[in-house]
Amino acid sequence: MTSSPTRPRRRGLRDRIALAWLAALLVVMLAHPWVPQGTWLMIHLVLLGALTHSALVWSEHFAHTLLHTVPDDGSRRRLDARIQLLALGSLAVFVGYPLAWWPLVVAGATAVAVSVTWHGAHLVAVTRSSLPSRFRVVVRYYIAAACMLPVGAALGAALAFGLPEPWFGRVLVAHVIVQVGGWIGLTVTGTLVTFWPTMLRTRMDDRAAPLAAQALPVLVGGVLATATGALVDWRWLVLLGMVAYLAGLVWWGRALWAPMRRKGFREFAPASVGFALLWAAVSLVWLTALVALGDGWATIAARLPLLGGLLAGGFGAQILLGALTYLIPSVIGGGPSAVRAGQRVLHRWTTFRIVVPQIAILLWLLPSPSWVRVTASSLAVFTLAMALPLLVRGAIATAKTARIVRSGGEVVGDDVPRAWTGNGLIAAATALVLAVTVGVAVDPGAVRLGQAPATASTATGQTTRVEVRVEGMHFVPARIEVPTGNRLIVAFTNTGDDVHDLVIGTARTARLAPGESAELDAGVITASSTGWCSVPGHRQMGMTLEVAVDDDPHSATAHGEGSTAGAGAAVAAVPDATLASPVDPVLPPAADERVHRVTFTVTEVPLEVAPGLWQTRWTFNGGPVGPTLRGKVGDEFEVTLVNDGSMGHSIDFHAGALAPDEPMRTIAPGERLVYRFTAERSGVWMYHCSTAPMSTHIAAGMHGAVVIDPEGLDPVDHEFVMVQSELYLANAAHSADEAQEIDAGKLAAETPDRVVFNGVADQYLQHPLRVRAGERVRFWVLAAGPNRATSFHVVGGQFDTVWTEGTYLLRGGVASDGATDGGAQVLPLLAAQGGFVELTFPEAGHYKFVNHVMLDAERGARGIVEVQ
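Described in the following lines is the structure provided in the data block. Just so it is clear, the model here is predicted, and its values are computed rather than measured.

## Side note on the overall build of the protein
Phase 1 of the analysis: From N to C terminus, the protein includes 19 helices and 29 strands.
Phase 2 of the analysis: Along the longest, intermediate and shortest principal axes, the C-alpha atoms of the protein span 100 × 75 × 55 Å.
Phase 3 of the analysis: A burial count over the protein gives 55% of its 868 residues as buried.
Phase 4 of the analysis: By element, 60% of the accessible surface of the protein is carried by carbon and sulfur atoms, the whole surface being about 35100 Å².

## Some remarks on the sheet that holds strand β7 (residues 517–524)
Phase 1 of the analysis: Pairing within the open sheet is mixed, and its four strands lie in the order β2-β1-β4-β7. This sheet does not close on itself; its edge strands, each paired only once, are β2 (474–476) and β7. Mean inter-strand twist for the sheet, computed between neighbouring axes without regard to direction, equals 30°.
Phase 2 of the analysis: Of the pairings in the sheet, the one linking strand β1 (residues 463–471) to β2 comprises three bridges and is antiparallel in character. Each residue of the ladder has a partner; that of R469, found in β2, is V476.

## Things to note about the layout of surface pockets
Phase 1 of the analysis: As a volume, the second largest pocket reaches approximately 760 Å³.
Phase 2 of the analysis: Together, 29 residues line the second largest pocket, and L290, R303, E467, T493 and S517 are the ones closest to its centre.
Phase 3 of the analysis: Breaking the lining of the second largest pocket down by element, the ones donating at least two residues are α9 (268–293), α10 (297–332), α12 (350–365), β1, β4 (487–493) and β7.
Phase 4 of the analysis: Of the residues belonging to the lining of the second largest pocket, the class tally is 16 nonpolar, five polar and eight charged.

## Digging into the pairing of strand β10 (residues 595–610)
Phase 1 of the analysis: Sheet topology note: the β10/strand β13 (residues 636–643) ladder contains eight bridges and is parallel. Within β13, the position partnered with V598 by the bridge is V639.
Phase 2 of the analysis: Inspection of the sheet shows β10 paired to strand β11 (residues 613–620) by eight bridges, in the antiparallel sense. Opposite L607, over in β11, you have Q615 as the bridge partner.
Phase 3 of the analysis: Counting the residues between successive antiparallel strands, the hairpin from β10 to β11 contains two residues, one of them, G612, with a positive phi of roughly 85°.

## Some remarks on the packing of helix α8 (residues 235–263) against α9
Phase 1 of the analysis: Running from N to C, α8 and α9 point in directions that differ by 160°, and their axes come no closer than 9 Å. The angle between α8 and α9 places the two elements in the roughly antiparallel class. At the point where α8 passes α9, the crossing takes the left-handed sense. Contacts from R235, V238, L239, M242, Y245, L246, L249 and L256 of α8 reach α9 at L277, L284, V285, L287, T288, L290, V291 and A292.
Phase 2 of the analysis: Taken together, the residues that form the contact of α8 with α9 break down as 14 nonpolar, one polar and one charged.

## Details of helix α7 (residues 208–232)
Side chains that are three or four residues apart share a direction in an α-helix, a result of its 3.6 residues per turn.
Phase 1 of the analysis: For α7, with 25 residues, the first-to-last C-alpha span of 36 Å sits near the 36 Å given by 1.5 Å per residue.
Phase 2 of the analysis: In α7, a bend of some 30° at A215 exceeds every other bend along the element, and P217, a proline, comes one to four places later.

## Side note on the pattern of salt bridges
Phase 1 of the analysis: Under the definition given, this model contains 30 salt bridges.
Phase 2 of the analysis: As a salt-bridge pair, R594 and D635 come within 2.2 Å of each other at their nearest N and O atoms. Here D635 lies in the loop between β12 (629–632) and β13 and R594 lies in the loop between β9 (544–549) and β10, a separation of 41 residues in the sequence.
Phase 3 of the analysis: For R594, a relative accessible area of 41% translates into the label partly exposed.
Phase 4 of the analysis: Classification of D635 by relative accessible area gives buried; the value is 0%.
Phase 5 of the analysis: Between R665 and E662 there is a salt bridge, with its nearest N and O atoms 2.5 Å apart.
Phase 6 of the analysis: On the accessibility criterion, R665 (24% relative accessible area) is partly exposed.

## Comments concerning a nonpolar patch on the surface
Phase 1 of the analysis: On the surface, a nonpolar cluster with roughly 370 Å² of combined accessible area is contributed by L88, L91, V95 and W101.
Phase 2 of the analysis: On the secondary structure map, V95 appears in helix α3 (residues 73–96).
Phase 3 of the analysis: On the basis of relative accessible area, V95 is assigned to the partly exposed category, the value being 32%.

## Comments concerning the pairing of strand β3 (residues 479–482)
Phase 1 of the analysis: Along β3, the buried face is formed by I480 and V482; none of R479 and E481, which line the opposite face, is buried.
Phase 2 of the analysis: Direction of pairing for β3 relative to β9: parallel, over a ladder of four bridges. From the neighbouring strand, E481 faces β9, where its bridge partner is A548.

## Structural notes on the sheet that holds strand β17 (residues 703–709)
Phase 1 of the analysis: Overall, mixed pairing links the four strands, which are arranged β12-β17-β16-β14 in an open sheet. The open sheet terminates on both sides in strands that have one partner only, identified here as β12 and β14 (652–653).
Phase 2 of the analysis: Here β12 pairs with β17 via four bridges, running parallel. Across the sheet, residue R630 finds its bridge partner in β17, namely V707.

## What about unusual backbone geometry?
Phase 1 of the analysis: Note the cis peptide between V476 and P477, where omega equals 0°.
Phase 2 of the analysis: Summarising the element assignment, P477 is placed in the loop between β2 and β3.
Phase 3 of the analysis: Look at the link from G785 to P786: it is a cis peptide, with omega at 20°.
Phase 4 of the analysis: Residue placement: P786 occurs in the loop between β21 (776–785) and β22 (790–794).
Phase 5 of the analysis: For H68, which is not glycine, the phi dihedral falls at a positive 60°.
Phase 6 of the analysis: You can see H68 is positioned in the loop between α2 (38–66) and α3.
Phase 7 of the analysis: The phi dihedral of A832 falls on the positive side, at around 80°, and the residue is not glycine.

## Some details on empty space enclosed by the protein
Phase 1 of the analysis: Per the stated rule, a full pass over the model turns up five cavities of 30 Å³ or more.
Phase 2 of the analysis: The space that makes up the largest cavity amounts to roughly 250 Å³.
Phase 3 of the analysis: Every residue lining the largest cavity is counted, 18 residues in all, and those nearest its centre are S54, W58, V188, T191 and A323.
Phase 4 of the analysis: For the lining of the largest cavity, the elements supplying multiple residues, two or more each, are α2, α6 (167–200) and α10.

## As for the packing of α2 against helix α5 (residues 136–160)
Phase 1 of the analysis: The N-to-C vectors of α2 and α5 enclose an angle of 150°; their axes lie 10 Å apart at closest approach. Put simply, α2 runs roughly antiparallel to α5. α2 and α5 meet at a crossing whose hand is left-handed. Along its contact with α2, which presents T52, S59, F62, A63 and L66, the element α5 presents V138, V139, Y142 and L149.

So, how was this worked out
Residues numbered from 1 in each chain as written. Predicted model: local features only at pLDDT ≥ 70, side-chain atom pairs only at ≥ 80, totals over all residues. Heavy atoms only, no water. Helix = DSSP H or I, 4+ residues; strand = E, 2+ residues; numbered from the N terminus. Buried < 20%, exposed > 50% of the residue type's maximum accessible area, 1.4 Å probe, protein only. Areas by Shrake-Rupley, 256 points an atom, 1.4 Å probe, with all protein chains shown as cover. Pairing = 2+ DSSP bridges. Axes fitted to C-alpha atoms, helices over the stretch in contact; angles between N-to-C directions. 1 Å grid on protein atoms, 1.4 Å probe; cavity = no way out; pocket = protein on both sides within 12 Å on 5 of 7 lines; lining within 4 Å. Points joined across faces, edges and corners; volume = space filled by probe spheres on them. Nonpolar A, V, L, I, M, F, W, Y, C, P; charged D, E, K, R; others polar. Parallel < 35°, antiparallel > 145°, perpendicular 65-115°, else oblique. Left-handed = near helix turned anticlockwise from the far one by under 90°. Contact = heavy atoms within 4.5 Å. Expected span 1.5 Å × (residues − 1). Bend = angle between axes of the 7 residues up to and from the residue. Salt bridge = Lys/Arg side-chain N within 4 Å of Asp/Glu carboxyl O. Patch = residues over 30% accessible without salt bridge, like charges linked within 9 Å, V, L, I, M, F, W, Y side chains within 5 Å.

Here it is, written out as structure tokens:
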């Protein structure tokens, strides 16, 4: 180490990795519906990827600069090693967490912690070997920050193991404050002591260093108190720590005001950093309010993904892009002409690039219509992404001009563009208006377009505003009182763990993921009514909201509006309708492979469920019934579940015995999980979605069979699979466009419209199974329910082999007690039971197979075997 003031040689890894993480972020944003844990990954690509890399690299750069030391070649090689270790560790976390590879997550978190700990030790060594400096306090900020990250990494690795509530919420709050307030926050606040006036190109406040020194112990104490309070469940200590941290920021931030007042935001870099600090402050105040007002750690945890998005987009991305905009041409150097050449590129479209993200983020945070939030956030991402090609082009322009200057050439170029322009404001306003217009056009009902206004005779002109949240499968509060004639506005926040919405009259919110919010304008209330969640089954589980006018003596349920039965008449058949093609009932032989890897993709799509009748079905892989899996005892199954639906879903395989906590958990839209089990026993095993209400998810189509062959299974000529289930139709839809989801009221009343084999009523009447006389046939049968049993029978046939729930009742005419010449007429199965029967058809003809609960056969659980 030397004390030479010579500029350090620029290293190739300094900014390229940060830009690579930001580029990866754009890819994930475009593909996030298909990326497991997409929201988590986007947040961490900014905060753990790009921002942590830059914090390590630039804090070391500023430490050497402020302490007037220059690293030698060995020190630079060690820096490159730390950068590479950090990048590899971050990559391991990014891959391991979404795929649930916990050893890889732990290895990655360890590598990240080792890299930053090594960085902190290096800063301690540099500080001890340097001469006294006025700004040594900045390096102390960096050292304190480096001490925080290993703690935050350990907390993050613990979260990856899937902690139960309330531990998950408590550890998550501690993780957020240690990583964001400690590692990132202390690095940023320390850097801005000198970097803020430098970006503003003005003199530093004389109080900057003393104020920073006074604030540092307060900030560190605030982080430690908040994290400790969360871990030991002392909410008062969490609040005390957050208030202390905010007070430390205010005390430190006093030194920022004077430079900004002198110069203002005349360039992109300080403007971007300034707004980033504003959103950071909003995030910290928001977190403090959540802790103070939240009902529990689970409720707080449900809101943190939205807070994380604000931290990543509003704070992380903007502070990083602003800092790099200033640093890249300045550090490349080459003289004023070279720096100005880079700035000419980097300061293009400053007005547009500053104004649009702030307003778009505001629209995203406010209770705007769902599609307005989508278009606004997309516009913000696009605008922030404009910086990436500009950073590359700015670096190229700076380096190219520096080479010209060194060779004695003449540099000719325009002045640096003005930061604030009228054209830029017009462009920003146009883009924002267009984004809002597109969002409203996609869902005009969200802003009540086309709805008749309240009449003057009923409206009081007053507005009642109520906040509603979710606890379990209930709205809280469950009853709202509104003065007659008042307009009702409901601020609805989904604090549950599944997708929910709210419907009151003709007004409804979009379906909201956990942590999301929306505002519902129910209009003028003149009579009592009931609101509900329209996700099928949720209303029946208690998700109703009573809206009572204060002078109405009757409750909403007194008017019959709160009933959960609601079972209407059965949907009639469509005469002369023809199915294009049936579900293939043939069961292929078991494969030789012992490890079966499959992917089940959840979709919610309209399907024909009876000739001429359609319903929106919730499916595994898009079919009327889930794919049938087949194997042998001892086979391993690895099933990747991908949720491409609009609500939470899960899967439960009866063929495997394992703790349900992790593999059977509900995953949100856009997420995936891997379910592994070993088939240790033979059987016709059911699998199904186990998300509540389970009856709804099963009846909506989320079920199927796993056939595990018994040892010594006799050969046959044909094998068919029949999975019986029930259909509850909300309407007589005769096309895909008219299809609606399951009628949960009929389901609760147990009045199915159809009972079906393999998801479609009567399909094997129109498309019979074909065999030859004398051939031996095996029917594998599963009663998937969710409610009704089956009594499988072949008209004109007799079964000489019956196997059910793991054992033979009859095999080749020999009963289990040794009696010979026996036979069976039905295979009786309760819901979720399975088995198989075998028979030989004696002569040509048409043999019906039915559920001999005849009402269910007449509802569609029937077919024909055409024997030639």
